[in-house]
Amino acid sequence: MWTYQNPVRIRFGAGSLNGIGDLVHGRAYCLVTYDEPIFHDMAQRIAVTAGPAALTIDNVVPNPDFHMLAEACALFAAAQPVPEVVVALGGGSVIDAAKVVAAGGNGFGAVKRYLEDGAGEDALTSIPIIAIPTTAGTGSEVTSWASVWDTDTGRKYSLSRRSLYATDALIDPELMLGMPRALTVSTALDALSHSLESIWNVNGNPVSTNHAVNAATEILDSLPGLADDLGNLDLRVRIARAATFAGLAFSNTKTALAHSISYPITLRHGTPHGLACSFSLPMVMRSVIGASDACDTGLRRILGSDLLAGAERLEEFLVNLGVSVDKADYGIDDEEWRGLIESAMTGERGRNFIGSQERVVESLGAAKR
Ligand SMILES: NC(=O)c1ccc[n+]([C@@H]2O[C@H](COP(=O)([O-])OP(=O)(O)OC[C@H]3O[C@@H](n4cnc5c(N)ncnc54)[C@H](O)[C@@H]3O)[C@@H](O)[C@H]2O)c1
Ligand SMILES: [Fe+2]
């Protein structure tokens, strides 16, 4: 028996940003974005059809942490009139920051307490969210959680609530045309990781796996071309669609081992999320072959009937994009790596992984080069 559900209404297509006025529908809105010139221009385009923002929060930086989020929530709490909807314009960091603002309308203290102790959910707010992703990777526009980073203590939390599903995701691949190569590649690999992680997952089901197979197949097909032709709108459309499918897949399963391994790597070494959660995928794949028929079948649909050869193909794909699969290139030595694997297996996301610790450790040895 299985269930699948995702409540986000998706509007997808080149030029779809022009429809934002219909979605805001005259409500007072708070725009959350980055303080960078191309985002000022996009914000301007939004203002043309949706009217000026009642409040703009633009202090977002990659991997939003407690300090940044406390500032953002304080700005929201002081706003008069109180915005009726939060519009997120940016990558995963912006959409996740917007989710925190939507929950922390009474101040960040309530969010922090909920994250740290699981207490006080009734003090959280549930402001509706419209998500406009400008990267094609995180899928945050169709998930009900936000990554929150506590850089002071070196911890990563997930704020997870049903009300964090955006009411609408407006996905306009034209907004992604300005992404440089490194960002294009790392964010698309994040989406690839979401697809595979939803397949080797205790929560996998036929709908999530179908979305994941479509997403991963498309990313393997079109990312190398896009990496060499960044202004190609057709390829941007394909990768944006794939990232959306990947988001729909893991919105119902959450992630698994590769993500669990990645968080301390990002915190300690500053590795961008998309690289940190994808360089280990071939190793994780080798460790899971044969663990479940459903997983094997899903992986075969993406990588061919010989799964060991498929893992090699996945590794070549990464290496050809210039992404190392050697942990040493991320500044990780053998001892740290062993610790990472051990704690990842027992971490919240690691427990979603269908494979065994023994096989992971075995495959980890093979991953050393
Ligand atoms: N909530 C979820 O479901 C979920 C899933 C995966 C990852 N995440 C989180 O998302 C964050 C990563 O988000 P991200 O990878 O989208 O990057 P990001 O939002 O951190 O942005 C990184 C940089 O990309 C630039 N950028 C964004 N869009 C651009 C564009 N169109 N053109 C040029 N530059 C652009 C920004 O200026 C920014 O400096 C991490 O904190 C990660 O943990 C959340
Ligand atoms: Fe991710």
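Residues numbered from 1 in each chain as written. Chains lettered and ligands numbered in written order. Predicted model: local features only at pLDDT ≥ 70, side-chain atom pairs only at ≥ 80, totals over all residues. Heavy atoms only, no water.

Glancing now at the overall build of the protein chain. Within the protein chain, the secondary structure is distributed over 15 helices and eight strands. Projected onto its principal axes, the C-alpha positions of the protein chain cover 60 × 45 × 45 Å. Expressed as a percentage of its 369 residues, the buried residues of the protein chain come to 59%. Considering only intrachain contacts with a sequence separation of at least 6, the fraction spanning at least 24 residues in the protein chain is 77%. Element-wise, carbon and sulfur atoms account for 50% of the exposed surface of the protein chain, whose accessible area totals about 14400 Å². The average position of the 28 basic charges and that of the 42 acidic charges among the side chains of the protein chain differ by 5 Å. (Helix = DSSP H or I, 4+ residues; strand = E, 2+ residues; numbered from the N terminus. Buried < 20%, exposed > 50% of the residue type's maximum accessible area, 1.4 Å probe, protein only. Contact = heavy atoms within 4.5 Å. Areas by Shrake-Rupley, 256 points an atom, 1.4 Å probe, with all protein chains shown as cover. Lys, Arg positive; Asp, Glu negative; His and termini not counted. Charge placed at Lys NZ, Arg CZ, Asp CG, Glu CD.)

Let us look at the coordination of the iron ion (ligand 2). The protein atoms that coordinate the iron ion (ligand 2) are Asp190 (OD), His194 (NE2), His259 (NE2) and His273 (NE2), at distances of 2.1 to 2.2 Å. Here the iron ion (ligand 2) is ringed by four donor atoms whose angles at the metal span 82 to 166 degrees, and the overall shape comes out irregular. Overall, histidine 194 belongs to the buried group, its relative accessible area being 2%. (Donors = N, O, S within 2.8 Å, 3.2 Å for Na, K, Ca; no water. Tetrahedral: all angles 85-135°; square planar, octahedral: opposite > 155°, others 65-115°.)

Taken together, 28 residues sit near ligand 1, with Tyr34, Glu36, Asn63, Ser93 and Thr135 positioned nearest. Threonine 135 places a side-chain nitrogen or oxygen 2.7 Å from an oxygen atom of ligand 1. The separation between a nitrogen atom of ligand 1 and a polar side-chain atom of serine 140 is 3.2 Å. Relative to its unbound accessible surface of 870 Å², ligand 1 loses 90% to contact with the protein. Among the elements of the structure, helix H2 (37-50), helix H4 (92-103), strand E6 (145-150) and helix H6 (181-199) are those that each provide at least two residues to the shell around ligand 1. The residue inventory of the shell around ligand 1, partitioned by class, reads 11 nonpolar, 14 polar and three charged. (Near = heavy atom within 4 Å. Polar contact = N/O pair within 3.5 Å; in protein donor to acceptor, adjacent residues only side chain to side chain. Nonpolar A, V, L, I, M, F, W, Y, C, P; charged D, E, K, R; others polar.)

Looking at the element boundaries, threonine 184 is found in helix H6. Residue class for threonine 184 comes out buried when judged on its relative accessible area of 2%. One polar contact links threonine 184 to arginine 236, side chain to side chain, over a distance of 3.2 Å. In this view, threonine 184 contacts Met179, Leu223, Leu226, Leu230 and Arg236; residues no more than four positions away in its chain are not counted.

Let's shift gears to the domain arrangement of the protein chain. Considered domain by domain, the protein chain is made up of domain 1 (9-175) and domain 2 (181-367). In this assembly, 24 residues from domain 1 lie in contact with 23 residues from domain 2. Together, Ala136, Trp145 and Trp149 form the three largest contributors to the area buried by domain 1 at its contact with domain 2, with a combined 27%. Here domain 1 and domain 2 share zero salt bridges between them. Counting across the domain 1 and domain 2 interface gives two residue pairs in polar contact (both at pLDDT 80 or more). Put simply, the parts of the chain that give the side of domain 1 that touches domain 2 at least two residues each are strand E1 (9-12), E6 and strand E7 (155-160). With four residues, the single largest contributor to the side of domain 1 that touches domain 2 is E7. (Domains from an automatic or database assignment. Buried area = accessible area lost by both parts, 1.4 Å probe. Salt bridge = Lys/Arg side-chain N within 4 Å of Asp/Glu carboxyl O.)

It is worth spelling out the environment of glycine 15 at this point. As for its placement among the helices and strands, glycine 15 is situated in the loop between E1 and helix H1 (20-24). For the pair glycine 15 and glutamate 174, spaced 159 residues apart in the sequence, the C-alpha separation amounts to 6.5 Å.

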